Amino acid sequence: MPKSQTAPFLLTRVCRYWRQVALTTPQLWTGLRIRFPDEMDDSTCLLYHLECLAHTVDVYLDRSGACPLSLDFDLSNALDTDTVQYETTIPFITLIVTAALTHSRRWQDLSLSAPSLPLLPVLAHLNPGTIPKLESLTLDFSSAEVLPETQQRFEFTLDLESAESLSSLMIYGNSDPKIITKWNASNLPTSLSSVVLWNIQVDLNTRHAGLYRNPMRTNALRNLSLGAFINLEHFLDLLSASPLLEELTFDTHSTNQRTYSRPDQLRPSRPIIVLHRLHTLRTCAKASASDVLDNLFIPHLTHLEYVSDGYVTDTLEPGQKLASFLRRSHAPISYFMLADLHGDIHEDQLIELLRLMPAMEELHITKFDITDRTLDALAFNVGGPVLCKRLERISFRERSNFSPRAVIEFILSRREQGHRWLSMSSPSEIPTHIARSLLSPSDPPSDHISGRFSDLRLEAPLSGSVIIREEPTLRSFQAALAHAELVAGDHRVERCVEEGLVLQLHVSPS
């Protein structure tokens, strides 16, 4: 909360002239950020603080005149103390929220974090014409407090068509099934580029009776994060209407009424959704999420995060589903994070997944049952196929079953075997994508080319033989090992560290 020793309040205490200037300059009072303290000594102190907050909000709203407002209120800790009754605290929180609500036409940036009950009027107020200047909106009612038992259900509609300036929307819930978000996604404003809806139940109204006959209007979304209960077909409709998506995160629970439990009850086929601009995907292994992957083609994906949360059935194999998606997209994935604490993805499947991502540069695995087989598969084998040839950083974030032998051989193979020289008889044998990376249109004519492409370094005349030297690519290795000291103490590994390898080994019980 702003203090009297800081601006703009401080400006009113310098002298009479400064006070007059401060009070007649509304731009000084357009930005207000308040945070409720984590701890209060007693109920009297807490209520006094709430009264001060309410007064401060009124002062700012009054002195800001007609200027656009940037408000950031975090009142989520107001109910975290046992010294205050719910009935006593809620009215003050509601008073603060209501004060901001009366100035909704001046909102430019609004962030409210509070128990769900005081925020319900704000949710209900998000109607056409009430937020003409709003550019970013964040509503967080993820605190433990839920709707009273006397209130059966609360539905609010997100109709943002007339919010012509809105670019960012974030709503975080507390998984209360009685709060239903009816989001009209058929006509999103062209300014809206980022949407986050998390831990809420979403009724995605597409305004169309048929699945494919009348697709919803194309939107301008570039970032979509959805962790919600939602109708799967409606979600796929939304993705189909979002060709500009660059980042997609989803942890969805399907609310489809009809289920398809047998092979002869397959869902009606629909066109594969092509997302050409998508470069980052974060998802999980739930049945509904896997169904979404079955409908996606993402040819330029570079960043993939996949979480398996133990949701495995007879018809759902997370490893197989993910492998099928990778084969279909054939994307140049350079970053892969896998979290599988339940052992849903077998080690053979993991190795196959790595085989399908040859452009991998950074790999992070959180998995208990991983063994030497994975490291042996990733080792740089002379004369044989190499998985993830460009791998630079790798970490295993849980206790692994690696032997010191496997770790040492993996590190040495990635650091030392790369120093061998390979000769090529003709420059024409240089892969096209390497040659293009070495020469740019601005380069002057030359008889020689010298450059670098990932783990390859080329130095040769344009005529005659060509020599390519493969440099060591491994830059960082992190793992929790039972015998970490045996790896760190190996003189060959020590030499790799001296040459630049970042080695982080944590001792774990065997």
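A. Spotlight on the overall build of the chain. Counting its secondary structure elements, the chain contains 13 helices and 24 strands. Sequence-distant contacts, at least 24 apart, represent 73% of the contacts inside the chain between residues at least 6 apart. Within the structure as shown, the chain displays about 24,600 Å² of accessible surface, and the carbon and sulfur contribution to it stands at 51%.

B. Representation of the confidence of the model for the chain. Per-residue confidence for the chain averages 79 on the pLDDT scale, and 74% of its residues sit at or above 70. Confidence over residues 208–213 falls short of pLDDT 50; this stretch has 9 contacts with residues more than four positions distant or in other chains. With pLDDT under 50 throughout, residues 418–469 is counted as low confidence; its partners more than four residues away or in other chains account for 88 contacts.

C. Structural context of the side chain of Ser-194. As for its placement among the helices and strands, Ser-194 is situated in strand 8 (residues 194–205). According to the relative accessible area criterion, Ser-194 is buried, its value standing at 16%.

D. Region of the structure containing the packing of helix 10 (residues 404–415) against helix 13 (residues 491–498). At a minimum axis separation of 10 Å, helix 10 and helix 13 run at an interaxial angle of 45°. Regarding the angle of helix 10 to helix 13, the classification is oblique. In the crossing of helix 10 with helix 13, the sense of the turn from one axis to the other is left-handed. Contacts between helix 10 and helix 13 involve Ile-408, Ile-411, Leu-412 and Arg-415 from the former and Arg-492, Val-493 and Cys-496 from the latter. Of the residues assigned to the contact of helix 10 with helix 13, the class counts are 5 nonpolar, no polar and 2 charged.

E. Seen up close, the side chain of Ser-476. Tracing the backbone through its elements, the reader meets Ser-476 in strand 23 (residues 476–481). The class for Ser-476 is buried, based on a relative accessible area of 15%. Residues within four places of Ser-476 in sequence aside, it is in contact with Glu-392, Arg-393, Ile-394, Leu-501 and Val-502.

F. Structural detail: the packing of aromatic side chains. Applying the stated rule across the entire model yields 7 aromatic pairs. Between Phe-396 and Phe-402, the ring centres sit 4.7 Å apart and the planes meet at 80°, which makes this aromatic pair edge-to-face. Note on Phe-402: relative accessible area 7%, which makes it buried. Of note, Arg-63 hangs over the ring of Trp-29, and the distance from its end group to the ring centre comes to 4.8 Å.

G. Main features of the nonpolar core. Counting 127 residues, the largest nonpolar core has Trp-183, Leu-239, Leu-296, Phe-336 and Phe-477 as the members making the most contacts within it. At 8 residues, the largest contribution of residues to this core is made by helix 2 (residues 43–63). When near neighbours in sequence (up to four residues on either side) are disregarded, Leu-296 contacts Leu-239, Leu-248, Ile-272, Ile-273, Leu-275, Phe-325, Arg-328 and Ser-329.

H. Up close: the pattern of salt bridges. Summed over the entire model, instances satisfying the criterion amount to 17 salt bridges. The partner of Arg-33 in a salt bridge is Asp-72, with the nearest N and O atoms 3.6 Å apart. Linking Arg-33 in strand 1 (residues 31–35) with Asp-72 in strand 2 (residues 69–74), this pair joins segments that are 39 residues apart in sequence. Close ionic contact of Arg-405 with Asp-376 constitutes a salt bridge, the shortest N to O distance being 3.2 Å. With Arg-405 in helix 10 and Asp-376 in helix 9 (residues 372–378), this residue pair connects regions lying 29 residues apart in the sequence.

I. Representation of the packing of helix 7 (residues 318–329) against helix 8 (residues 347–355) within the structure. Following both chains from N to C, one finds helix 7 and helix 8 inclined at 10°, their axes separated by 10 Å at the closest point. Looking at the two axes, helix 7 sits roughly parallel to helix 8. Side by side, helix 7 and helix 8 meet where Gly-319, Gln-320, Leu-322, Ala-323, Leu-326 and Arg-327 of the first sit next to Gln-349, Glu-352 and Leu-353 of the second. Looking at side-chain class alone, the contact of helix 7 with helix 8 contains 4 nonpolar, 3 polar and 2 charged residues.

J. The arrangement of the pairing of strand 10 (residues 247–250) in detail. As paired strands, strand 9 (residues 223–230) and strand 10 are joined by 4 bridges and run parallel to one another. Bridge assignment links Leu-224 to a residue of strand 10, and that residue is Leu-248. In the classification by handedness, the crossover that spans strand 9, the intervening helix 5 (residues 232–240) and the parallel strand 10 is right-handed. Relative to strand 13 (residues 280–284), strand 10 runs parallel, the two being bridged by 3 bridges. Across the sheet, the residue bridging to Glu-247 is Thr-280, located in strand 13.

K. Looking closely at unusual backbone geometry. Of note, the phi angle at Asn-199 is positive, near 60°, even though the residue is not glycine. Inspection of the secondary structure puts Asn-199 in strand 8.

L. Here's a closer look at helix 8. If you check which residues of helix 8 are buried, you get Glu-347, Gln-349, Leu-350, Ile-351, Leu-353 and Leu-354. Contacts from the buried residues of helix 8 go to helix 7, strand 16 (335–340), strand 17 (362–367) and helix 9.

M. Here's a closer look at the environment of Leu-28. Within the secondary structure layout, Leu-28 lies in the loop between helix 1 (16–23) and strand 1. Along the backbone, Leu-28 and Pro-8 are 20 residues apart, and their C-alpha atoms lie at a distance of 6.3 Å. Residue contacts for Leu-28: discarding those within four places in its chain leaves Pro-8, Leu-11 and Ala-22.

Calculation criteria
Residues numbered from 1 in each chain as written. Predicted model: local features only at pLDDT ≥ 70, side-chain atom pairs only at ≥ 80, totals over all residues. Heavy atoms only, no water. Helix = DSSP H or I, 4+ residues; strand = E, 2+ residues; numbered from the N terminus. Contact = heavy atoms within 4.5 Å. Areas by Shrake-Rupley, 256 points an atom, 1.4 Å probe, with all protein chains shown as cover. pLDDT = per-residue confidence, 0-100. Buried < 20%, exposed > 50% of the residue type's maximum accessible area, 1.4 Å probe, protein only. Axes fitted to C-alpha atoms, helices over the stretch in contact; angles between N-to-C directions. Parallel < 35°, antiparallel > 145°, perpendicular 65-115°, else oblique. Left-handed = near helix turned anticlockwise from the far one by under 90°. Nonpolar A, V, L, I, M, F, W, Y, C, P; charged D, E, K, R; others polar. Phe/Tyr/Trp six-rings, centres within 6.5 Å; stacked < 30°, edge-to-face > 60°. Lys NZ or Arg CZ within 6 Å of the ring centre and 35° of its normal. Core = buried A, V, L, I, M, F, W, Y, C linked by side-chain atoms within 4.5 Å. Salt bridge = Lys/Arg side-chain N within 4 Å of Asp/Glu carboxyl O. Pairing = 2+ DSSP bridges. Right-handed = clockwise from strand over helix to strand, strands pointing away.

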